[in-house]
Amino acid sequence: MTNPETLQNRPIGVFDSGVGGLTVVRALMERLPLEHLIYYGDTARVPYGVKSRATIETYSAQIVEYLLAQRVKALVIACNTIAAVAGDSIRAQARGLPVLDVITAGAQAALQTSQNHHIAVIATNTTVNSNAYARAIHAHDPQARVQSQACPLLVPLVEEGWLEHDVTRLTVREYLKPILADDADTLVLGCTHYPLLKPLLREEAPRLALVDSATTTAAHTAQALTAAGLLRQSGDSAHYRYCVSDIPLRFRAIGERFLGRSIDDLETVRLG
Ligand code: DGL
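Notes on the structure follow.

Cut-offs used in this document
Residues numbered from 1 in each chain as written. Predicted model: local features only at pLDDT ≥ 70, side-chain atom pairs only at ≥ 80, totals over all residues. Heavy atoms only, no water. Buried < 20%, exposed > 50% of the residue type's maximum accessible area, 1.4 Å probe, protein only. Helix = DSSP H or I, 4+ residues; strand = E, 2+ residues; numbered from the N terminus. Pairing = 2+ DSSP bridges. Right-handed = clockwise from strand over helix to strand, strands pointing away. Phe/Tyr/Trp six-rings, centres within 6.5 Å; stacked < 30°, edge-to-face > 60°. Lys NZ or Arg CZ within 6 Å of the ring centre and 35° of its normal.

## Structural notes on the pairing of strand S1 (residues 12–16)
Across a regular strand the side chains alternate sides, sitting on one face of the sheet and then on the other.
Step number 1: Along S1, five of the five residues are buried, which leaves the element largely enclosed by surrounding structure.
Step number 2: Summarising the sheet, S1 and strand S2 (residues 37–41) pair through five bridges and their orientation is parallel. Looking at the pairing, isoleucine 12 lines up with leucine 37 of S2.
Step number 3: Handedness of the crossover joining S1 and S2 through helix H2 (residues 22–31) is recorded here as right-handed.
Step number 4: With four bridges connecting them, S1 and strand S3 (residues 74–77) associate as parallel partners. When the bridges of S3 are listed, phenylalanine 15 appears paired with isoleucine 77.

Encoded structure:
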């Protein structure tokens, strides 16, 4: 018979196209400090935000297979682009485990935040083209207006660490023009990298309420684990394992900026 205590002690598998999903890991550590986490970042094949649905589905299936083999108790899709185009296939693959994702969580948080039902979303090209945020929002509120803006230049600027740089400010200003010209009251940060730009975005768009899908995903994960009786409630301190498909130059420095703490247990795991 399966020992429920063993199930609770299994790690949560969190994954992303690269380093950006560490913003979700950080939120999970804060919200669920007792949970063991295993992170997979596909750093050898990032970015996903400009790739086709078929390619993203193939890559994601390989990551999920790996995490299932690590005996995770739940999966968290920390990448907006993966959630946008491969969420359904991942759920079909997950053998009934809880699967949480940044788009479902971000859409629900946006609906709770918006007063005028006009929500703006900034994200990668693939996420915007998939229309996934609009679908997730309309599933709960068909009357809501969703305005999406692809911001492909922001991912490299954040990875460069230019969080307050003039180049980033001008880029953000340009991307936000159509949004600020209209009357949305809420801005969803629909990409793993954007939470790091919150201070700059607050300055450039002071009338927009910012929705950070990392924190809402952590809250959803807490709810799902509680509902499934899978929450780890006691025991020694949590263990964090980081797996990446490549360790590029400056990975640790960039990763630690996203995570807000040191990355200790780092290993290379190649897939495919
Ligand atoms: N993680 C991706 C996202 O949240 C951004 C980086 C990429 O394009 O792979 O959409």
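## Some remarks on the pairing of S3
Step number 1: The alternating pattern of S3 places Ala74 and Val76 and Leu75 and Ile77 on opposite faces, both of which are buried.
Step number 2: Sheet topology note: the S3/strand S4 (residues 99–101) ladder contains three bridges and is parallel. What sits directly across from valine 76, in S4, is leucine 100.
Step number 3: Remark: the S3/helix H4 (residues 80–93)/S4 crossover connection has right-handed handedness.

## Structural notes on the packing of aromatic side chains
Step number 1: Scanning the entire structure with this criterion turns up two aromatic pairs.
Step number 2: Taking 5.6 Å as the distance between ring centres and 50° as the angle between the ring planes, the aromatic pair formed by tyrosine 48 and tyrosine 59 counts as tilted. In this pair, tyrosine 48 is assigned in the loop between S2 and helix H3 (53–69) and tyrosine 59 in helix H3, connecting sequence segments eleven residues apart.
Step number 3: Using a relative accessible area of 1% as the deciding quantity, one classes tyrosine 48 as buried.
Step number 4: Take tyrosine 59: its relative accessible area is 18%, and that puts it in the buried class.
Step number 5: Across from the ring centre of tyrosine 59, 3.7 Å away, lies the NZ or CZ of arginine 45, which sits over that ring.

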